[in-house]
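Topology and contacts: notes
The primary structure of each chain is shown beneath.
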Amino acid sequence: MQTWPFTARDDVLAAAGDALRARGAVILGGPAGVGKSRLARELAARGPGPVVGTVRATASAQEIPLGALVDVLPRAAVDASSPDADHVRAALDALGAVPHGLLVVDDAHLLDDVSATVVHQLARGGRSRLVVTLRSGEPKPDAVTALWKDEDIPRIDLEPFTREESASVLTTVLDGPLEARTARALHETAGGNVLWLRHLVEGERAAGRLTRDGSAWVWTGQVGLSPALRDLLDARIGRLTAPQRRVLELLAVAEPLGLGMLGTLVGRDVVEEVADRGLVSILPDGERWEVRLAHPLYGESVRSTMSVPRMRRIRGELSEALAGTGGRRAGDGLRRAVLDLGSDRVPDPDALVAASVQASGLRDFALAERLLRAAVAAGGGFAARLALAHLLDYQMRVDEADVIVDAGSGEATEAERRQAVVLRGLSHHFQLDPPRSGPDLLARDEATRLGGRPDPAYDALRAMFLGSAGRVREARELAEGVVTDATRPDETVALACFVLGLLGALTGEGGDLRPLLQRGIEAARQGITATVTANIGYMELLDADLRGEPARARRRLDWIHGLTGEQAPSFAALYDGRVARGAGLPRTAIRALESALPAFPGHGGGWGGWSAALVAQCHGLLGDGPAARAALADAERRRHPHIAVVDHEYDLARAWAAAASGAVREAVDAARRGAERCRDLGTHAAEVLARQTAVRLGDREQADRLEELDRRLGTPRSTHAHAHAVALATHDAGGLLAVAGRLEDAGMIVEAADAAAQAAATARRDRHLVVATEAEQRARTLAATGEGARTPALAEADAPVPLSDREREIALLAGEGLTNRQIAERLHVSVRTVESHVYRACTRLGLPDRAALVSVAASRRVS
């Protein structure tokens with residue numbers, strides 16, 4: 001297996017290198033598999049001075065005095081069954097003989113006592129530089145412990161990789177991005193253990209389960225343990241007694257388990273034994289203690305050796321034990337239902353349907369589908385079929401859903417039949433690709449039953465059709481009628497809240513949408529619409545973005561990342577992308593959104609085109625014209641024909657793609673078209689964003705309309721956009737710089753960079769080069785914070801001030817702080833010649849004196 005490139009630990013490498021240079025030694029601690037040995041090798045390879053050798057301590061050599069050092073010492077120093085002080089001195093002399101030599105000691109917790117003494121004395125006397133690794137939580141020789149306790153050698157403890165670090169490493173290793181679900185699944189399966197992640201990825205690639213799908217890597221199927229990974233796990237788990245193995249089996253089937261229940265099943269003393277070996281963790285959860293396997297792969301290892309009958313018996317045993325506790329905790333119903341699925345117990349279809357709602361709320365659609373198919377098979381009736389069909393529809397498996405509903409339509413009640421119409425209206429209008437007309441389906445049903453009169457049961461669905469098409473006023477009236485009617489069922493309330501959230505965010509006229517959206521989420525959780533909770537929550541992020549208050553999105557962002565289902569990472573990536581774009585982090589947004597797109601093929605129910613349009617905007621913000629145009633083409637292919645209310649996003653994608661390609665006039669026209677589109681629809685908050693974009697692209701004719709919008713909305717974005725437009729229109733460099741400061745404070749980093757860049761260009765045209773220099777520096781700093789944004793405004797501000805070669809040379813030397821005499825000596829010219837060039841440079845640049853020239857030249861912006 002090839003060595004993986006060293007990545008994601010650069011900050012730790014730098015800290016360890018600093019410690020090694022300052023103190024001559026550093027200790028790297030942490031659990032097994034977090035990369036301590038690799039970090040030690042990198043330190044040795046990159047550091048100055050010769051490497052004396054690498055000591056790898058092992059358990060087998062621990063009983064042999066100086067056994068760990070045998071490969072780096074002369075034979076005479078270790079050729080003794082009972083080494084004495086002379087042997088220790090000989091070892092010290094040998095290892096300390098190389099000036100500035102570096103000794104790497106790996107797994108120092110396994111050193112024999114004599115070797116540990118030698119290492120301690122090397123550190124104490126400074127006779128050799130040392131990099132020492134050790135495993136945390138393991139017993140260590142006293143001399144090793146003394147390295148940081150007595151000798152005060154810096155100790156740096158490595159933690160398992162975070163999800164972001166795992167994704168970064170895998171993107172580098174695989175030479176391409178990972179689909180969001182894959183990134184989370186690989187990280188969680190490996191538990192952040194770098195060594196096990198490496199074996200897992202290599203094994204899954206070899207087995208053909210980790211493959212590239214388009215531009216992203218996708219992991220499908222079940223975990224398979226490669227022989228190398230199985231050996232590592234077996235070595236870590238070790239030999240177990242039968243009761244100890246039973247603890248791991250129970251947890252492998254259904255973790256976490258309450259400490260009390262597990263103790264009853266196997267005995268508390270056995271649980272303690274397994275915990276003492278580090279194979280399980282026991283942590284508080286509310287008022288009780290829960291037991292989990294210490295690593296996810298332990299469960300894979302244990303399950304791979306269990307027979308099917310044994311698994312089924314244990315599932316039934318755990319279900320009965322859970323029932324014995326009263327099932328009082330949230331999620332106990334879901335856990336019992338899952339256990340019953342794989343046991344010999346007779347399933348309860350109502351319990352399976354109820355459990356599927358919980359699974360859908362967690363966005364674990366695969367589990368929800370298993371539960372619902374079992375409920376249908378167990379005689380759950382049309383209600384179970386309807387729930388299963390809605391779940392399939394949400395995953396854009398519309399034809400399968402239609403078959404499920406049609407097969408049971410004869411047993412449906414009138415209420416269930418109406419639910420089925422709503423379900424088909426949603427799926428045919430939004431999920432089917434290409435879509436059909438939902439309003440036509442409603443019209444046919446109402447013509448058959450009611451002579452063409454509208455059925456109030458369909459008001460929420462009708463509001464979704466109207467709102468998505470951009471008929472804002474009609475949609476809001478219908479949706480408000482639903483949410484104010486206490487008799488409406490939860491699923492229609494959830495849909496109405498979604499509509500009001502979407503339109504409230506786009507118009508900016510819904511007030512504080514958070515209570516409404518939370519109500520929608522709670523209503524959705526009560527029934528078959530649990531799948532749409534993430535859709536509803538997204539509107540909170542959209543509202544925060546359009547208001548210009550990115551901090552408002554934080555709570556909902558934490559919420560989506562707390563969902564644990566298999567599909568949760570894809571929607572979490574959509575959330576991350578929207579928030580990152582709003583915060584001025586285009587590269588982060590691109591990574592997140594592109595990792596989500598494989599989960600939304602085609603138009604993706606509207607999410608595919610919308611998200612691809614955001615990707616195009618971000619590439620445009622980075623000045624990457626080809627990438628922006630490619631993403632725009634993808635967005636236009638994916639655009640949903642029934643969701644016109646967000647078409648301004650495609651206009652903005654066209655604007656930024658044109659801007660990145662140098663067609664600034666075309667870019668302004670596209671932003672204006674988006675603004676006028678929003679004005680016609682009444683989506684005023686989105687209109688502010690479009691007009692602000694035009695201002696950022698240099699449009700000086702937006703101030704009047706933005707003033708009207710700000711009076712109407714009064715949001716941070718509308719206020720700052722209006723001030724920006726006024727300052728640009730009046731050529732007010734100071735005003736633009738002030739706007740940049742307010743935008744930065746509001747968290748709109750790239751908007752702030754553009755305002756600062758326009759301040760620089762304005763000041764330069766007015767020959768106020770000191771102000772221009774300050775503004776340029778501010779713009780560059782903000783652009784760097786914005787991950788290297790490169791907009792037309794930033795490109796213009798980055799153009800250097802023209803001077804002759806000699807004037808530039810003298811100006812730059814003045815900027816370094818040299819006096820005229822020092823410059824004359826450096827260039828071998830007279831002081832009078834230097835003074836003459838300084839005078840001409842100041843005249844050319846409109847500067848009052850030499851001090852102003854120094855200020856401008858110090859920024860290195862003269863040429």
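What comes next concerns the included structure. (Residues numbered from 1 in each chain as written. Predicted model: local features only at pLDDT ≥ 70, side-chain atom pairs only at ≥ 80, totals over all residues. Heavy atoms only, no water.)

Taken across its 6 residues, strand 1 (residues 25-30) has 6 buried, putting it largely inside the fold. The side-chain alternation of strand 1 yields two buried faces, one formed by Ala25, Ile27 and Gly29 and the other by Val26, Leu28 and Gly30. Bridge count between strand 1 and strand 5 (residues 155-157): 3 bridges; the pairing is parallel. Its bridge partner lying in strand 5, isoleucine 27 is registered against arginine 155. (Buried < 20%, exposed > 50% of the residue type's maximum accessible area, 1.4 Å probe, protein only. Helix = DSSP H or I, 4+ residues; strand = E, 2+ residues; numbered from the N terminus. Pairing = 2+ DSSP bridges.)

Let us now look at unusual backbone geometry. Put simply, glutamate 255 and proline 256 share a cis peptide bond, and its omega is 0°. One can find proline 256 in the loop between helix 11 (242-253) and strand 8 (257-258). For the bond from aspartate 433 to proline 434, the omega torsion is 5°, close enough to zero to count as cis. Relative to the helices and strands, proline 434 resides in the loop between helix 21 (414-431) and helix 22 (438-450). Despite not being glycine, methionine 396 shows a phi value in the positive range, around 65°. Topologically, methionine 396 is positioned in the loop between helix 19 (381-394) and helix 20 (398-408). One non-glycine residue with positive phi stands out, namely histidine 828, at about 60°. Looking at where histidine 828 falls in the secondary structure, it is placed in the loop between helix 43 (820-827) and helix 44 (831-845). The class for histidine 828 is exposed, based on a relative accessible area of 73%.

On to the sheet that holds strand 3 (residues 102-106), then. Spatial ordering of the open sheet is given by 2-3-4-1-5, a layout of 5 strands whose pairing is parallel. Edge positions in the sheet fall to strand 2 (51-56) and strand 5, since each of these pairs with one other strand and no more. Between one strand axis and the next, the sheet turns through 15° on average, direction left out of account. Helix 5 (residues 113-125) rests against strand 3 and strand 4 (129-135) of the sheet, and its axis sits at about 135° to strand 4. Together, strand 1, strand 4 and strand 5 form the strand contacts of helix 6 (residues 142-149), whose direction differs from that of strand 4 by roughly 115°. (Axes fitted to C-alpha atoms, helices over the stretch in contact; angles between N-to-C directions. Contact = heavy atoms within 4.5 Å.)

Quick look at the packing of aromatic side chains now. Counting across every chain of the model gives 10 aromatic pairs. Between tyrosine 538 and tryptophan 610, the ring centres sit 5.6 Å apart and the planes meet at 70°, which makes this aromatic pair edge-to-face. You can see tyrosine 538 sitting in helix 27 (residues 533-547) and its partner tryptophan 610 sitting in helix 31 (residues 607-621), a full 72 residues away along the chain. By the burial criterion, tyrosine 538 is buried, and tryptophan 610 matches it. Judged by centre distance (5.2 Å) and plane angle (80°), the rings of phenylalanine 571 and tryptophan 607 are edge-to-face. Residue phenylalanine 571 is found in helix 29 (residues 568-582), and its partner tryptophan 607 is found in helix 31; the two are separated by 36 residues along the sequence. Put simply, the rings of Tyr538, Phe571, Tyr575, Phe600, Trp607 and Trp610 pair up and form one aromatic cluster. Here arginine 556 stacks its cationic end above the ring of tryptophan 559, 4.6 Å away from the centre of that ring. (Phe/Tyr/Trp six-rings, centres within 6.5 Å; stacked < 30°, edge-to-face > 60°. Lys NZ or Arg CZ within 6 Å of the ring centre and 35° of its normal.)

As a further point, take the pattern of salt bridges. Taken as a whole and assessed by the stated rule, the structure comprises 71 salt bridges. Close ionic contact of arginine 449 with glutamate 414 constitutes a salt bridge, the shortest N to O distance being 3.8 Å. With arginine 449 in helix 22 and glutamate 414 in helix 21, this pair connects stretches of sequence that are 35 residues apart. The class of arginine 449 is partly exposed, set by a relative accessible area of 26%. Members of the salt-bridge network, linked through shared partners, are Glu414, Arg417, Arg418, Asp445, Arg449 and Asp455. (Salt bridge = Lys/Arg side-chain N within 4 Å of Asp/Glu carboxyl O.)

Glancing now at the side chain of histidine 109. Checked against the element boundaries, histidine 109 lands in the loop between strand 3 and helix 5. Here arginine 135 takes part through its backbone nitrogen, which lies 3.1 Å from a polar atom of the side chain of histidine 109. Residues within four places of histidine 109 in sequence aside, it is in contact with Gln62, Leu134, Arg135, Glu138, Pro139, Lys140 and Pro141. (Polar contact = N/O pair within 3.5 Å; in protein donor to acceptor, adjacent residues only side chain to side chain.)

Before going further, it helps to examine the packing of helix 26 (residues 514-524) against helix 28 (residues 554-562). As a packed pair, helix 26 and helix 28 sit with axes 12 Å apart at the nearest point and diverge in direction by 15°. Between helix 26 and helix 28, the angle falls in the class roughly parallel. Crossing of helix 26 over helix 28 shows left-handed handedness. For the pair formed by helix 26 and helix 28, the contact residues are Arg514, Gln518 and Ile521 on the first element and Arg555, Arg556 and Trp559 on the second. Its residues assigned to classes, the contact of helix 26 with helix 28 shows 2 nonpolar, 1 polar and 3 charged. (Parallel < 35°, antiparallel > 145°, perpendicular 65-115°, else oblique. Left-handed = near helix turned anticlockwise from the far one by under 90°. Nonpolar A, V, L, I, M, F, W, Y, C, P; charged D, E, K, R; others polar.)

Bringing the environment of alanine 530 into the picture now. In this fold, alanine 530 is placed in the loop between helix 26 and helix 27. By relative accessible area, alanine 530 is classed as buried at 1%. As for alanine 530 and glycine 361, which are separated by 169 residues in sequence, their C-alpha atoms are 5.0 Å apart. Once you skip the residues sitting within four places of it in the chain, alanine 530 turns out to touch Val357, Ser360, Gly361, Ala524 and Arg525.

Now for the sheet that holds strand 8. Ordered in space as 8-10-9, the 3 strands form an open sheet in which the pairing is antiparallel. The strands lining the two open edges of the sheet, one partner per strand, are strand 8 and strand 9 (280-285). Here strand 9 pairs with strand 10 (residues 288-293) via 6 bridges, running antiparallel. From the neighbouring strand, proline 284 faces strand 10, where its bridge partner is tryptophan 289.

Once that is clear, we can look at the pairing of strand 4. Within strand 4, 6 of the 7 residues are buried, which leaves it mostly tucked inside the rest of the structure. Inspection of the sheet shows strand 1 paired to strand 4 by 6 bridges, in the parallel sense. Considered in strand 4, the bridge of glycine 29 is made with leucine 134. Pairing geometry for strand 3 and strand 4, over 4 bridges, is parallel. Following the sheet pairing, valine 105 is matched in strand 4 by valine 132.

Attention shifts here to helix 35 (residues 684-696). With 13 residues, helix 35 should cover 18 Å at 1.5 Å per step; its first-to-last C-alpha distance of 18 Å lies within 8% of that length. When you tally the buried positions in helix 35, you get 13 out of 13 residues, the bulk of the element. (Expected span 1.5 Å × (residues − 1).)

Right, let's talk about the environment of methionine 539 for a bit. Considering the arrangement of structural elements, one finds methionine 539 in helix 27. Residue methionine 539 is classed as buried on the basis of its relative accessible area, which comes to 1%. Beyond its immediate stretch of four places on either side in the chain, methionine 539 contacts Phe498, Gly501, Leu502, Ala505, Leu517 and Trp607.

Together, Asp269, Glu272, Glu273 and Asp276 make up a region of like negative charge exposed at the surface. Residue placement: glutamate 273 occurs in helix 13 (residues 268-276). (Patch = residues over 30% accessible without salt bridge, like charges linked within 9 Å, V, L, I, M, F, W, Y side chains within 5 Å. Areas by Shrake-Rupley, 256 points an atom, 1.4 Å probe, with all protein chains shown as cover. Lys, Arg positive; Asp, Glu negative; His and termini not counted. Charge placed at Lys NZ, Arg CZ, Asp CG, Glu CD.)

For soluble globular proteins, the rule of thumb is that nonpolar side chains tend to be buried together. Counting 157 residues, the largest nonpolar core has Leu371, Ile560, Phe571 and Tyr575 as the members making the most contacts within it. Those residues in contact with tyrosine 575 that lie beyond four places of it in its chain are Ala534, Gly537, Tyr538, Leu541, Arg556, Leu557, Trp559 and Ile560. (Core = buried A, V, L, I, M, F, W, Y, C linked by side-chain atoms within 4.5 Å.)

Interhelical geometry of helix 11 versus helix 15 (residues 308-324) gives an angle of 80° and a closest axis separation of 10 Å. What the angle tells us is that helix 11 and helix 15 run roughly perpendicular. Residues Arg246, Glu249, Leu250 and Val253 of helix 11 touch helix 15, and the partners they reach there are Arg310, Met311, Ile314, Arg315, Glu317 and Leu318. Grouping the amino acids of the contact of helix 11 with helix 15 by side-chain chemistry returns 5 nonpolar, no polar and 5 charged.

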